[in-house]
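Chains, contacts and geometry: an overview
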Amino acid sequence: MPGPSYFGATRSETDIVAIIDPGHAAKQLIFERIFRSATFIAAILVLLILGGVAVSLLRGAWPALSHFGFGFVTREIWNPVTDQFGALAPIYGTVVTSLIAMLIAVPTGFGIALFLTELCPPLLKRPIGVAVELLAAVPSIIFGIWGLFVLAPVLQRHVQPWLIRNLGDIPAVGHLFKGPPYGIGILTAGVVLAIMVLPFIAATMRDVFDTVPPMLKESGYGLGATTWEVIWNVVVPHSRVGIVGGVMLGLGRALGETMAVTFVIGNAHRISSSLLAPGTTISSAIANEFTEAVGDLYTSSLIALGLLLFLITFTVIALAQAMLRRLERRTGAVA
Amino acid sequence: MFRKIKNGAFLALSLIATLTGLACLAAILWTLISHGVAGLSGRIFTQMTPPPGGQGGLLNAIYGSGVMTLLGILIGSPVGVLAGTYLAEYGKNSRLSVAIRFINDVLLSAPSIVIGLFVYEIIVVRMGHFSAVAGALALAILAIPVTLRTTEDMLNLVPVGMKDSSAALGAYPWRTILSVLYPAARSGIVTGLLLAIARISGETAPLLFTSLNNQFWSTNLNAPMANLPVVIFQFALSPYKDWQDLAWAGALIITVTILILSISARVLLALLQTERGAGR
């Protein structure tokens, strides 16, 4: 709603001050200009940062991109000794770990949001909500060290042998669960990522569910619907855009997450058909190799990976924000 | 009957999902405490990071983390607060503000490793070496979106009547903002600062190629500086037991600090809300 500008409306009062005391008013006007410019410059700085990130990454990545051309994103080879670099393995790792994370985190996050908005006793609503949000505040390196020392051994000893035994022999699907249980690898990274993005997805979905007008839900209950039917047929359709937005926000996090993955991915530059095998992701390749990279082409290739990551996550996050904004405008509530 | 069973099944699943989430938090905290407390001792706060096999503490890393986080907040938060002020007060509905708001929300969840690469390109490459300043700058860039967002939200919560009365007294906008709006939104803005500190003090990825690490005590801002997250990263992945113990102790310190910061931010916000509620 474009109302009249608040400060525009005060022109008359400040004009009166100008008539009573011109010197004071002149001084005030100077301060006003300075302050206003300062806030404006700060605001523009935000745009400059994003632009600067794009330009500097492009410049840093240029030697690799011009040397390898489009082949950079389609080749699997990654050999610092012969200076041959391709991004396919990290891209594959990033996409697959994020997909695994989403497969686990989206239903779980949906369940948590559902529990918090529809089932939870009011007394527990706040503490549980805060606990979930605190999980979001735990830094990613903690998830990494926990994943490496606690989760990976558990998966290696109990979950992965079970997967290999029971799913490994099924045609087609079986390829995903072949090979020895290393503990660390694509699957473990996906599980750690799932735990990391879970709070973001749960919190966004909860906020989105809260924007559903109670009257719509009451009408559902009034028709004799069960809680689940109200959720599935009233709440979910009404907040569809927000749910997708929240999921994509989580996806953006998962794609760009570095430390949690670096600990448990195994850092192997190859594409393996098995989810249990070690792999690499864009961010963990950069984190692991950047400071040790010798040679301009090696460094440049890693920066090119960063540029790819930037482009992918920027697109996903921008889409997510656009969707959440659409919901915000429609409901007029802060989602 | 089928509908009832289906209903019960899904509700049970949602309960299980919630318990799983809480169990994860509990498991992580439990691991941190059980491993971390064993490594905690007076040495942690009085000695430097040791070479492999030696005894030592985390003093230089704790100091470095403190310095860089503080610098990051000192550089980043004024920018965030001022930009938030612009969005909330001066350029409320302009097209530029809509764009900046959007970009800011994107930056809010942008991968921090990319910000690290950016600072590497513009600072480390130019200066020719890693430095604490570069690390602080990377952290500052990460702090801006958090403070900007909270400042704007909090300024929007200040009742319009307060702005109007200040303007009616003939105050220019800058005066109104500094003397009326900032004090009114103070606890909200402080909440934003706490959240920003919590966010950047655990960041590892952007520090890897900006501040790097330093095994020794260093107060030189123009040289590589030790910091907790990178030390944890390096020590946890090492094969040495002493280093791993130190990594766990560091992880415990960092997590406890961040949880305390996040909880105080929440408490502050809750107090603010009850205050508002009572005031009306």
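Anyway, here's the lowdown on the structure attached to this text. (Residues numbered from 1 in each chain as written. Chains lettered and ligands numbered in written order. Predicted model: local features only at pLDDT ≥ 70, side-chain atom pairs only at ≥ 80, totals over all residues. Heavy atoms only, no water.)

1. Considerations on the overall build of chain B
Applied cut-off: Runs of H or I in DSSP of at least four residues are treated as helices and runs of E of at least two as strands, each being numbered from the N terminus. Relative accessibility thresholds used throughout: buried, under 20% of the residue-type maximum; exposed, over 50%; partly exposed, between the two (1.4 Å probe, protein chains only). The contact definition used throughout considers only heavy atoms, calling two residues in contact when any of these lie within 4.5 Å. Computed with a 1.4 Å probe, the accessible areas rest on the Shrake-Rupley method; for each residue, only the protein chains presented here act as cover. None of His or the chain ends enter the tally, which takes Lys and Arg as positive and Asp and Glu as negative. Note that the charge is assigned to NZ on lysines, CZ on arginines, CG on aspartates and CD on glutamates.
In terms of regular secondary structure, chain B is built from 12 helices and 0 strands. Reading chain B from its N end, one meets helices and strands in the order α-α-α-α-α-α-α-α-α-α-α-α. In terms of principal-axis extent, the alpha carbons of chain B reach across some 70 × 70 × 35 Å. Sorting the 280 residues of chain B into buried and exposed places 55% on the buried side. By sequence separation, contacts in chain B at least 24 residues apart represent 74% of the contacts at least 6 residues apart. Per element, the accessible surface of chain B, about 11500 Å² overall, is 70% carbon and sulfur. Within chain B, one finds 17 positive and 10 negative side-chain charges whose respective centroids are separated by 9 Å.

2. A closer look at the overall build of chain A
The following threshold applies: Both definitions apply: the radius of gyration is a C-alpha atom measure, and the globule rule equals 2.2 Å times residues to the power 0.38.
Looking only at helices and strands, chain A has 13 helices and 2 strands in total. The C-alpha atoms of chain A give 26 Å as radius of gyration, which overshoots the globular expectation for 335 residues (20 Å, by more than 25%). Buried positions account for 54% of the 335 residues belonging to chain A. On chain A, roughly 14800 Å² of surface is accessible, and the fraction owed to carbon and sulfur atoms is 68%. Seen as two clouds, the 20 positive and the 18 negative side-chain charges of chain A have centres 3 Å apart.

3. Let's talk about the nonpolar core
Using the following cut-off: Grouping buried Ala, Val, Leu, Ile, Met, Phe, Trp, Tyr and Cys residues that are joined through side-chain atoms within 4.5 Å yields what is termed a nonpolar core.
Among the nonpolar cores identified, the biggest contains 170 residues, and F143(A), L305(A) and F209(B) are the most heavily contacted of them. For this core, the element with the highest residue contribution is helix α12 (residues 241–279) of chain B, accounting for 14 residues. Apart from the residues within four sequence positions on either side, L305(A) is in contact with F72(A), W78(A), A87(A), P90(A), I282(A), A285(A) and I286(A).

4. Let's talk about helix α12 (residues 282–289) of chain A
In an α-helix there are 3.6 residues to a turn, and that puts residues three or four apart on one side. Extensive coverage of α12(A) is indicated by the burial of 8 of its 8 residues. For α12(A), the complete set of buried residues consists of I282(A), S283(A), S284(A), A285(A), I286(A), A287(A), N288(A) and E289(A).

5. Re a positive patch on the surface
Residues and elements named next belong to chain A. Here is the rule: What makes a patch is a set of residues exposed beyond 30% relative accessible area and free of salt bridges, joined within 9 Å when like-charged and within 5 Å when nonpolar (Val, Leu, Ile, Met, Phe, Trp, Tyr). When a carboxyl oxygen of Asp or Glu is within 4 Å of a side-chain nitrogen of Lys or Arg, the pair counts as a salt bridge.
Taken together, R240, R326, R329 and R330 make up a surface patch of like positive charges. Top contributing element to the positive patch by residue count: helix α13 (residues 296–331), with 3 residues. Given a relative accessible area of 65%, R329 falls into the exposed group.

6. Here's the deal with helix α4 (residues 95–108) of chain B
Quick reminder of the rule: To estimate how far a helix should reach, multiply one less than its number of residues by 1.5 Å.
In a regular helix each residue adds 1.5 Å, so 14 residues correspond to 20 Å; α4(B) covers 20 Å between its end C-alpha atoms and thus fits that length. If you check which residues of α4(B) are buried, you get S97(B), I100(B), I103(B), N104(B), D105(B), V106(B), L107(B) and L108(B).

7. Some details on the side chain of R325(A)
Selection criterion: In the analysis that follows, any N or O atom pair within 3.5 Å is treated as a polar contact, provided that within protein one partner can donate a hydrogen and the other can accept it, and provided that, for residues neighboring in sequence, both atoms belong to side chains.
Secondary-structure assignment places R325(A) in helix α13. Polar contacts involving the side chain of R325(A) include one to the side chain of D105(B), which spans 2.3 Å. Ignoring anything within four residues of it in the chain, the contact list for R325(A) reads R101(B), F102(B) and D105(B).

8. Here we look at the interface of chain B and chain A
Definition in use: Accessible surface is computed with a 1.4 Å probe, and the buried area is the amount of it that two parts give up when combined, taken over both parts together.
Contact with chain B, which involves 88 residues of that partner, is made by 89 residues of chain A. Taken together, both faces of the contact between chain B and chain A bury some 8000 Å²; the carbon and sulfur share is 78%. Where chain B packs against chain A, one counts 3 salt bridges. Here E133(A) and R266(B) are joined by a salt bridge, their closest N and O atoms 2.3 Å apart. Remark: the boundary between chain B and chain A carries 9 residue pairs in polar contact (both at pLDDT 80 or more). Top element by residues in the side of chain B that touches chain A is helix α1 (residues 2–39) of chain B. It accounts for 17 residues.

9. Here we look at unusual backbone geometry
A positive phi angle, close to 50°, is found at N267(A), a residue other than glycine. If you trace the backbone, N267(A) turns up in the loop between α11 (259–264) and α12. Judged by its relative accessible area of 28%, N267(A) falls in the partly exposed class. The backbone phi angle of L212(B) is positive, close to 55°, even though this residue is not glycine. Among the secondary structure elements, L212(B) is positioned in the loop between α10 (205–208) and α11 (228–236). By relative accessible area, which is 25% here, L212(B) ends up partly exposed.

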